[in-house]
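Chain residues, written in single-letter form:
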Amino acid sequence: MKLIFLGPPGAGKGTQAERIAARYGLAHISTGDMLRAELRAGTPLGQQAQGYMNRGELVPDDIVVELVRVRLGEEDCQNGYILDGFPRTLTQAQIMDETSIDVDVVLNIEVADEKLVERLSGRRECKSCGAAYHVLYHPTHDGKTCDECGGELVTRSDDVPEVIRKRLVVYHRQTEPLKEYYRKQGKLTTVQGQEELAETTRIVLSAVAEAEAKL
Ligand code: AP5
């Protein structure tokens, strides 16, 4: 199965994509994670992307499309994948269609803007392995170190109030039109991102199973 997880920053795309990918044996492809990995490795691509990400703007389409194109050629994607945070512009979606990057279902996770600010402000990430937590909704055992590897928890540089607000504006302007694009293709399924992580996972799993049955 080939899925896109669409939704505003903080909707829970990454959290849910990880769970669904594990359940279905799919590759989880997050363009945000890939760009941050390039940044940590200090590659030219990472340096090029850094300014855009720190300002809460989108990285240019050609950079992101090339990253995804290369990643989709890898062995673990042949059984299917979840694209988390890609495409994020109409141009990216059109390039996908033109280059026959297949997608069966687009799962759109809806959450109100006020909630998103709270979620992103409380997100903490492990500096070593990148695991994501939340101070209230998904805390680690001691609130200071990662449950997976014991690494230090940090706040992402784009999870500060002024950048969060910018990311929301960018989402509404540049990414939200994709809902209509995929609705017209008959691929859009929308779920409400609930307060409870486990409840959202249950709703997402059932939406994916329903969509899979129609394939
Ligand atoms: P990216 O890393 O993709 O950021 P984003 O889309 O802004 O999404 P987030 O990772 O912030 O949120 P999420 O929906 O995954 O939520 P999460 O599960 O973490 O991109 C970063 C940047 O890279 C972009 O700004 C851009 O510059 C660039 N970029 C990436 N892709 C690009 C592209 N295609 N084109 C151009 N540029 C691109 O959850 C958030 C928090 O809430 C967590 O703490 C979690 O524990 C908590 N939470 C989740 N669900 C729930 C729930 N149901 N209840 C309570 N808490 C919850």
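Predicted, not measured: the structure shown is a model, and the values here were computed from it.

A. The arrangement of the environment of Glu75 in detail. The residue Glu75 is located in the loop between helix H4 (61-72) and strand E3 (81-84) in this model. Residue class for Glu75 comes out exposed when judged on its relative accessible area of 68%. The spatial distance from the C-alpha of Glu75 to the C-alpha of Ala27 is 9.5 Å, given a sequence separation of 48 residues.

B. Quick look at unusual backbone geometry. A cis geometry characterises the amide bond from Phe86 onward to Pro87, with omega recorded as -5 degrees. Locating Pro87 in the fold gives a position in the loop between E3 and helix H5 (90-98). Notably, Ser100 is not glycine yet its phi reads approximately 55 degrees, a positive angle. Assignment of secondary structure puts Ser100 in the loop between H5 and strand E4 (105-110). Look at Ser100 and you get exposed, because its relative accessible area is 57%.

C. Highlighting the environment of Thr189. Along the chain, Thr189 turns up in strand E8 (residues 188-192). Here the alpha-carbon distance between Thr189 and Leu6, two residues 183 residues apart in the chain, equals 9.8 Å. Excluding anything up to four places from it in sequence, Thr189 contacts Val105, Val106, Leu107, Asn108 and Ala207.

Conventions and cut-offs
- Residues numbered from 1 in each chain as written.
- Predicted model: local features only at pLDDT ≥ 70, side-chain atom pairs only at ≥ 80, totals over all residues.
- Heavy atoms only, no water.
- Helix = DSSP H or I, 4+ residues; strand = E, 2+ residues; numbered from the N terminus.
- Buried < 20%, exposed > 50% of the residue type's maximum accessible area, 1.4 Å probe, protein only.
- Contact = heavy atoms within 4.5 Å.

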